[in-house]
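Here is how the chains run, residue by residue.
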Amino acid sequence: MGDSSVNVCVVGLGYIGLPTASLLACSGYQVHGVDVDELAVANINQGKIRIDEPDLDSFVWSAVNRGTLTASTQPVLADIFILCVPTPFHGSEVASEPPRPNIDYVLAAATSIAPYVLPGNMVILESTSPVGTTHVVAKILLECGVDIESISVAYCPERVLPGKIMTELVQNDRIVGGINAESTVRIKAFYETFIKGAVYGTDCKTAEMAKLVENSYRDVNIAFANELSMICAESGIDVWNLIDLANRHPRVKILQPGAGVGGHCIAVDPWFIVDQSVALARLIRTAREVNDSKPTWVAKQIQNEAAKFEASYGRTPVVACLGLTFKPDIGDLRESPSWSIVEELLEKGFDIRAVEPNVAAHPQIRLTPLLEAVAEADIVAVLVRHKQFRELNLSSKVVLDYCGLTRA
Ligand SMILES: NC(=O)c1ccc[n+]([C@@H]2O[C@H](COP(=O)([O-])OP(=O)(O)OC[C@H]3O[C@@H](n4cnc5c(N)ncnc54)[C@H](O)[C@@H]3O)[C@@H](O)[C@H]2O)c1
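Residues numbered from 1 in each chain as written. Predicted model: local features only at pLDDT ≥ 70, side-chain atom pairs only at ≥ 80, totals over all residues. Heavy atoms only, no water.

Here we take up the pattern of salt bridges. Scanning the entire structure with this criterion turns up 18 salt bridges. One salt bridge connects arginine 50 with aspartate 37, and the closest N-O pair in it is separated by 2.7 Å. One end of the pair, arginine 50, is in the loop between α2 (38-45) and α3 (56-66); the other, aspartate 37, is in the loop between β2 (30-34) and α2, and 13 residues separate them in sequence. Notably, a salt bridge pairs arginine 288 with aspartate 219, separated by 2.7 Å at the nearest N-O pair. (Salt bridge = Lys/Arg side-chain N within 4 Å of Asp/Glu carboxyl O. Helix = DSSP H or I, 4+ residues; strand = E, 2+ residues; numbered from the N terminus.)

Once that is clear, we can look at the pairing of strand β12 (residues 351-355). Most of β12 is tucked away: four of the five residues are buried. As paired strands, strand β11 (residues 318-322) and β12 are joined by five bridges and run parallel to one another. Its bridge partner being in β12, leucine 322 is matched across the sheet by valine 355. Where the polypeptide runs from β11 across helix α12 (residues 337-347) and back to β12, its parallel neighbour, the crossover connection is right-handed. (Buried < 20%, exposed > 50% of the residue type's maximum accessible area, 1.4 Å probe, protein only. Pairing = 2+ DSSP bridges. Right-handed = clockwise from strand over helix to strand, strands pointing away.)

In this section: the domain arrangement of the protein chain. When its domains are assigned, the protein chain resolves into domain 1 (7-197) and domain 2 (214-401). Taken over C-alpha atoms, the centre of domain 1 sits 33 Å from the centre of domain 2. Taken together, the contact pairs 20 residues of domain 1 with 17 residues of domain 2. Carbon and sulfur atoms supply 57% of the area that domain 1 and domain 2 bury against each other, a total of about 1400 Å² over both sides. On the surface where domain 1 and domain 2 come into contact, there are two salt bridges. A per-class count over the side of domain 1 that touches domain 2 returns eleven nonpolar, five polar and four charged. (Domains from an automatic or database assignment. Contact = heavy atoms within 4.5 Å. Buried area = accessible area lost by both parts, 1.4 Å probe. Nonpolar A, V, L, I, M, F, W, Y, C, P; charged D, E, K, R; others polar.)

Glancing now at the nonpolar core. With 40 residues, the main nonpolar core has Val10, Leu24, Val31, Leu69, Ile82, Phe190 and Tyr191 as its most contacted residues. Of all the elements, helix α1 (residues 17-25) adds the most residues to this core, at five residues. If you look at the next biggest cluster of nonpolar residues, it comprises 29 residues, including Leu83, Val117, Ala138 and Val153. (Core = buried A, V, L, I, M, F, W, Y, C linked by side-chain atoms within 4.5 Å.)

We now examine the packing of helix α8 (residues 204-235) against helix α10 (residues 269-276). With their axes 7 Å apart at the nearest point, α8 and α10 run at an angle of 115° to one another. The angle between α8 and α10 falls in the class roughly perpendicular. Like other packed secondary-structure pairs, α8 and α10 cross with a definite hand, here left-handed. Along its contact with α8, which presents Met209, Lys211, Leu212, Val213, Asn215, Ser216 and Asp219, the element α10 presents Asp269, Pro270, Phe272 and Ile273. Classifying every residue of the contact of α8 with α10 gives six nonpolar, two polar and three charged. (Axes fitted to C-alpha atoms, helices over the stretch in contact; angles between N-to-C directions. Parallel < 35°, antiparallel > 145°, perpendicular 65-115°, else oblique. Left-handed = near helix turned anticlockwise from the far one by under 90°.)

The geometry of a pair of packed helices is captured by two quantities: the angle between their axes and the separation between those axes. At a minimum axis distance of 9 Å, the contact between α10 and helix α11 (residues 282-313) shows a crossing angle of 140°. Considering their axes alone, α10 and α11 lie oblique with respect to each other. Between α10 and α11 lies a crossing whose hand is left-handed. Residues Pro270, Trp271, Ile273 and Val274 of α10 pack against Ile284, Arg285, Arg288, Glu289 and Asp292 of α11. Of the residues assigned to the contact of α10 with α11, the class counts are five nonpolar, no polar and four charged.

Turning to the sheet that holds strand β14 (residues 398-401), a few remarks are in order. The sheet built from four strands is open, its strands ordered β12-β11-β13-β14 with parallel pairing. Every interior strand has two partners, whereas the edge strands, β12 and β14, have only one. Sheet twist, expressed as the mean angle between neighbouring strand axes with direction ignored, is 20°. Pairing of β11 with strand β13 (residues 379-382), which is carried by four bridges, proceeds in the parallel orientation. Paired with cysteine 321 across the strands is alanine 381, a residue of β13. Its contacts with the sheet place α11 against β11, β13 and β14, and it is angled at close to 170° to β13. Its contacts with the sheet put α12 on β11 and β12, and the angle it makes with β12 is roughly 155°.

Burial runs high along strand β1 (residues 7-11): four of the five residues are buried. Taken together, the five bridges between β1 and β2 define a ladder with parallel strand orientation. Counterpart to valine 11 in the pairing with β2 is valine 34. Considered for its hand, the β-α-β crossover made up of β1, α1 and β2 is right-handed. Where β1 lies against strand β4 (residues 80-83), four bridges are found, and the strand directions are parallel.

Moving on: the site of the ligand. Tyr15, Ile16, Asp35, Thr87 and Thr128 are the nearest of the 23 residues found near the ligand. The backbone of threonine 128 places a nitrogen or oxygen atom 2.9 Å from an oxygen atom of the ligand. Here the ligand has 840 Å² of accessible area as a free molecule, and 87% of this is covered by the chains. Looking at the shell around the ligand element by element, the count peaks at three residues for helix α4 (residues 104-113). (Near = heavy atom within 4 Å. Polar contact = N/O pair within 3.5 Å; in protein donor to acceptor, adjacent residues only side chain to side chain. Areas by Shrake-Rupley, 256 points an atom, 1.4 Å probe, with all protein chains shown as cover.)

In this section: unusual backbone geometry. Positive phi outside glycine occurs at aspartate 55, with the angle close to 75°. Relative to the elements of secondary structure, aspartate 55 occurs in the loop between α2 and α3. According to the relative accessible area criterion, aspartate 55 is partly exposed, its value standing at 46%. At aspartate 329, a residue that is not glycine, the phi angle is positive and equals roughly 60°. Secondary-structure assignment places aspartate 329 in the loop between β11 and α12.

Listed below in structure tokens is the structure:
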């Protein structure tokens, strides 16, 4: 349980910062959240949220009503500062060059808290970051006049699953990597006051790399399944059956293929390793390229099937595309491969019914209710394995299943 006399300032109130701030505020700490987005701040101060995440609304509502969570666009004096700002990548100008990490938001956030950081404070970076960023944060604070010897600075990566953030924030194990041993010990002790998982101490470079490695591990293994799915389609082999049989080997555990890899983590973080080790990170880079190529491959398959239909029936088929989010059973469209497949088909003039039961409406793509889309469709392309699709009767349709829904 937290100490109500301890003030925490959380900078960046998005998918990670707001759950963290509201959890701390419901765990006994006095929390002030900071975001450059004035509308997000105004909403939070009224106890409202714009992020689609189970239970987050009740945490925020309860913390704001208790007076333990406030928000503004400027930092305040605090005992503990937590940075949860975005770390996207810069798109590469040369197609053959990998994208480069963009830590501008981290630099801006560190600069913004510097005037408020006093001796004895703790500064924690939670944003997924290239190796060395925690030392860069410490350097910025030093250059802004903070007595760096008198404070603790550490990196503590977040590894929550969207859709289960409020549970996993508490239950998951965490890694804390300080810029020195004292920082690790103090900041590890802070996390142990509000999480139930184990907290492991290390140095900041190892902690930064651990986060990048976790997502790269997932990416490489998904790429293996995605590559297999494309090879099998070429050879006329059912990839789902193949994986099921291969996994009967006691030491083989192949993951399931999908329409690609999306979201702001697995599709981004491996590039941070590639950027820092271009010559050595060959497998990690290739995996990224395989996963990034999958949506275009899927779109091409749908086009081929549509051409076959047209040749047989003399008219263009209606294609229902089921699922637009980047993974099952959430409403998050960020970097979604299925979204890019639907966009590509729409651009090419296909007659599409886009279905996304987890999103109410969207200004860019008109959404069609599930049963209406299936009733009108000649071809049904299953792009995301949402639970709402499980009971569908697709027996009279041409079904292109890219996520194993019909094999589950
Ligand atoms: N979303 C996830 O599931 C997840 C999981 C693990 C790690 N992460 C990492 O956590 C970090 C944050 O991700 P997110 O998903 O919460 O991002 P997000 O885009 O949802 O939220 C970031 C927030 O920071 C605000 N912001 C930007 N610059 C700011 C500044 N200088 N001062 C104050 N606020 C500022 C933005 O307005 C936004 O509200 C990223 O590094 C991400 O890679 C995310």
